[in-house]
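Here is what each chain is made of, one letter per residue.
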Amino acid sequence: MDKESKNEHEVNERIQYTDPISEMVKRAEREGQFENLPGKGKPLKLKGDNLSQEQQLYKTMKDNHVLPRWIELANEIDVLKEELAILHVEERKAKIKLTNKKIKQYNRLCPPSLQRNKIHE
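Everything numeric here is computed off the predicted structure, so don't read it as measured data.

Caption draft 1: The overall build of the protein chain, seen in detail. Each helix and strand in the protein chain was counted, giving five helices and zero strands. Counting from the amino terminus, the protein chain carries its helices and strands in the arrangement α-α-α-α-α. Looking at the protein chain as a whole, 16% of its 121 residues are labelled buried. Look at the contacts in the protein chain between residues 6 or more apart in sequence, and 39% of them connect residues 24 or more apart.

As structure tokens, then:
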């Protein structure tokens with residue numbers, strides 16, 4: 001067997017080989033088994049919704065379980081503010097310091113119209 005026919009034989013083997021796992025994944029995609037997974041992506045429904053571009057982006061990201069860091073920080077800040085109401089003086093100072101640190105991070109990441117003020121003791 002000369003070198004050229006050997007190479008041709010190897011190429012034919014590669015073309016005929018199918019990966020069994022890839023075939024299973026392709027079959028599952030055709031059957032629709034991946035349709036409702038978080039992060040898979042859902043189609044945009046722009047008609048009928050009177051949403052601004054920012055609202056549509058937020059809705060799409062929320063539907064796909066992907067939120068920007070500043071939204072996560074906003075949720076954390078809201079929880080910390082609720083906890084401040086029931087804390088004593090020393091614990092309260094530490095919690096205020098932590099909250100202000102998160103507010104500073106939040107203000108760097110969020111749009112200017114949504115920035116928050118620091119908490120004063």
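Caption draft 2: Up close: a nonpolar patch on the surface. Taken together, the side chains of Ile 21, Met 24 and Val 25 define a hydrophobic patch exposed on the protein surface, amounting to about 270 Å² of accessible area. With respect to the helices, strands and loops of the structure, Ile 21 is situated in helix α2 (residues 20-31).

Caption draft 3: Main features of the packing of helix α4 (residues 69-84) against helix α5 (residues 89-109). Following both chains from N to C, one finds α4 and α5 inclined at 160°, their axes separated by 9 Å at the closest point. Overall, the two elements α4 and α5 adopt an arrangement that is roughly antiparallel. Helix-helix and strand crossings are classified by hand; for α4 and α5 the assignment is left-handed. For the pair α4 and α5, the contacting residues are Arg 69, Trp 70, Leu 73, Ala 74, Glu 76, Ile 77, Leu 80, Lys 81, Glu 83 and Leu 84 in the first and Arg 92, Lys 95, Ile 96, Leu 98, Thr 99, Lys 102, Ile 103, Gln 105, Tyr 106 and Leu 109 in the second.

Caption draft 4: Summary view of the environment of Arg 108. Here Arg 108 is to be found in helix α5. Sequence separation of Arg 108 and Trp 70 is 38 residues, and the distance between their C-alpha atoms is 8.5 Å.

Caption draft 5: Geometry of the nonpolar core. Membership of the largest hydrophobic core is limited to nine residues, which are Leu 73, Ala 74, Ile 77, Leu 84, Ile 96, Ile 103, Tyr 106, Cys 110 and Ile 119. Every element with two or more residues in this core is listed here: α4 and α5. In terms of residues, this core owes the most to one element, α4, which gives four residues.

Caption draft 6: Representation of the confidence of the model for the protein chain. Here the protein chain averages 78 in pLDDT, while 74% of its residues score no lower than 70. For the protein chain, per-element mean pLDDT is lowest for helix α1 (residues 3-16), which scores 66, and highest for α5, which scores 89.

Caption draft 7: Region of interest: the environment of Asn 64. In this structure, Asn 64 sits in the loop between α3 (53-63) and α4. On the basis of relative accessible area, Asn 64 is assigned to the buried category, the value being 10%. Considered as a pair, Asn 64 and Leu 37 are 27 residues apart in the sequence and their alpha carbons are 8.5 Å apart.

Caption draft 8: View of the pattern of salt bridges. Scanning the model with the defined rule gives five salt bridges in all. With a shortest N-O distance of 3.5 Å, Glu 76 and Arg 69 are connected by a salt bridge. The class of Glu 76 is partly exposed, set by a relative accessible area of 27%.

Caption draft 9: Spotlight on α5. Between the first and last C-alpha of α5 there are 30 Å, a value that for 21 residues agrees with the 30 Å anticipated at 1.5 Å per step. Turning to α5, its buried residues are Ile 96, Thr 99, Asn 100, Lys 102, Ile 103, Tyr 106 and Asn 107. Turning to α5, the residues buried within the fold contact α4.

Parameters at a glance
- Chains are numbered independently. Their residues run from 1 in the order of the written sequence.
- It should be noted that, the model being predicted, local features are given only for residues of pLDDT at least 70 and side-chain atom pairs only at 80 or more, the latter also being counted only at that level, while totals for whole chains, interfaces and linings use all residues.
- Side-chain metrics rest on all non-hydrogen atoms present in the structure, leaving aside hydrogens and water.
- Put simply, DSSP H or I for four residues or longer makes a helix, DSSP E for two residues or longer makes a strand, and each gets a number counted from the N terminus.
- Only protein chains enter the area calculation, which uses a 1.4 Å probe; residues under 20% of their type maximum are buried, those over 50% are exposed, and those in between are partly exposed.
- Contacts between residues were defined by any pair of non-hydrogen atoms, one from each residue, lying within 4.5 Å.
- Residues qualify for a patch when their relative accessible area is over 30% and they have no salt bridge, like charges being joined within 9 Å and the nonpolar side chains of Val, Leu, Ile, Met, Phe, Trp and Tyr within 5 Å.
- The accessible surface values rely on the Shrake-Rupley method and a 1.4 Å probe; as for residues, cover is taken only from the protein chains in view.
- We define a salt bridge as a contact between a side-chain nitrogen of Lys or Arg and a carboxyl oxygen of Asp or Glu at a distance within 4 Å.
- Axis geometry follows a simple rule: fit a line to the C-alpha atoms, using only the stretch in contact for helices, then measure angles between N-to-C directions, giving values from 0 to 180 degrees.
- Each angle receives one of four descriptions, namely roughly parallel if under 35 degrees, roughly antiparallel if over 145, roughly perpendicular if within 65 to 115, and oblique otherwise.
- Handedness of a crossing follows from how the near helix is turned relative to the far one, being left-handed for an anticlockwise turn of less than a right angle and right-handed for a clockwise one.
- By nonpolar core we mean a set of buried residues, namely Ala, Val, Leu, Ile, Met, Phe, Trp, Tyr and Cys, connected to one another through side-chain atoms within 4.5 Å.
- pLDDT measures the predictor's confidence residue by residue and takes values from 0 up to 100.
- A helix is expected to span 1.5 Å for every residue after the first.

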